[in-house]
Amino acid sequence: MTRAPIAAFIFDIDGTIIDSMPYYNRSWNLLFERHGIGDEHLKLAHRGAGRTGAELIREIFGAHLPDARVRALVDEKEDIY
């Protein structure tokens, strides 16, 4: 008897299997604390669904940031997360 290969995968959109939003929100809080950013941007970061990390970093830290700095901040935020 030959078994067919499994041809499926699970795609989890936050809240389907686990709710990771509390961790996502906390990662922004910690990034802000590390860089002396006040909590006035928390609403923006917490409403960031559908936006890239780079878009949010530029809006919060400044559009003038070089790409390499934006990438470093996005990576730092993801490491915290």
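Just above sits the structure.
Residues numbered from 1 in each chain as written. Predicted model: local features only at pLDDT ≥ 70, side-chain atom pairs only at ≥ 80, totals over all residues. Heavy atoms only, no water.

Description of helix α1 (residues 21-34)
An α-helix turns once every 3.6 residues. As a result, residues three or four positions apart point the same way. Note the cut-off: Under the DSSP-based scheme used, a helix requires at least four consecutive residues in state H or I and a strand at least two consecutive residues in state E, with every element numbered from the N terminus. The span you would expect from a helix comes to 1.5 Å times its residue count less one. Classification of residues uses two cut-offs on accessible area relative to the type maximum, computed with a 1.4 Å probe and protein chains only: under 20% is buried, over 50% is exposed, and between them is partly exposed. This arc corresponds to the set of directions leading from the helix axis out to the C-beta atoms. What makes two residues a contact is simply this: any of their non-hydrogen atoms within 4.5 Å.
Here α1 is 14 residues long and its end C-alpha atoms lie 20 Å apart, about the 20 Å a rise of 1.5 Å per residue gives. All buried positions along α1 are accounted for by Tyr24, Ser27, Trp28, Leu31 and Phe32. All buried residues of α1 lie within an arc of 135 degrees about the axis, which places them on one face of the element. Facing away from the buried side of α1, by more than 90 degrees, are the exposed residues Tyr23, Glu33 and Arg34. Elements that come into contact with the buried residues of α1 comprise α2 (42-46), α3 (53-61) and α4 (67-80). Where α1 terminates, the next one or two residues include Gly36, which has phi positive at roughly 65 degrees.

Brief notes about the environment of Asp67
Put simply, the test is: We call two N or O atoms a polar contact when they sit within 3.5 Å, provided that within protein one can donate a hydrogen and the other can accept it, with sequence-adjacent residues counted only if both atoms are side-chain atoms.
If you trace the backbone, Asp67 turns up in helix α4. Take Asp67: its relative accessible area is 58%, and that puts it in the exposed class. For the pair Asp67 and Ala54, spaced 13 residues apart in sequence, the C-alpha to C-alpha distance is 8.7 Å. Polar contacts involving the side chain of Asp67 include one to the side chain of Arg58, which spans 2.3 Å.

Things to note about α3
Buried within α3 are the following residues: Leu56, Ile57, Ile60 and Phe61. Projected down its long axis, α3 shows its buried positions confined to an angular sector of 105 degrees, all on one face. Considering only its buried residues, α3 is in contact with α1, α2 and α4. Directly after α3, the chain includes Gly62, whose backbone phi takes a positive value near 125 degrees.

Topic: the nonpolar core
Threshold: To qualify as a nonpolar core, a set must consist of buried Ala, Val, Leu, Ile, Met, Phe, Trp, Tyr and Cys residues joined through side-chain atoms within 4.5 Å.
In this structure, Trp28, Ile57, Ile60 and Phe61 are the most contacted members of the largest nonpolar core, which totals 14 residues. Aside from chain neighbours lying at most four places away, what touches Ile60 is Trp28, Phe32, Ile37, His41, Leu44 and Ala45.

The quantities given are spatial measurements derived from coordinates; they are silent on function.
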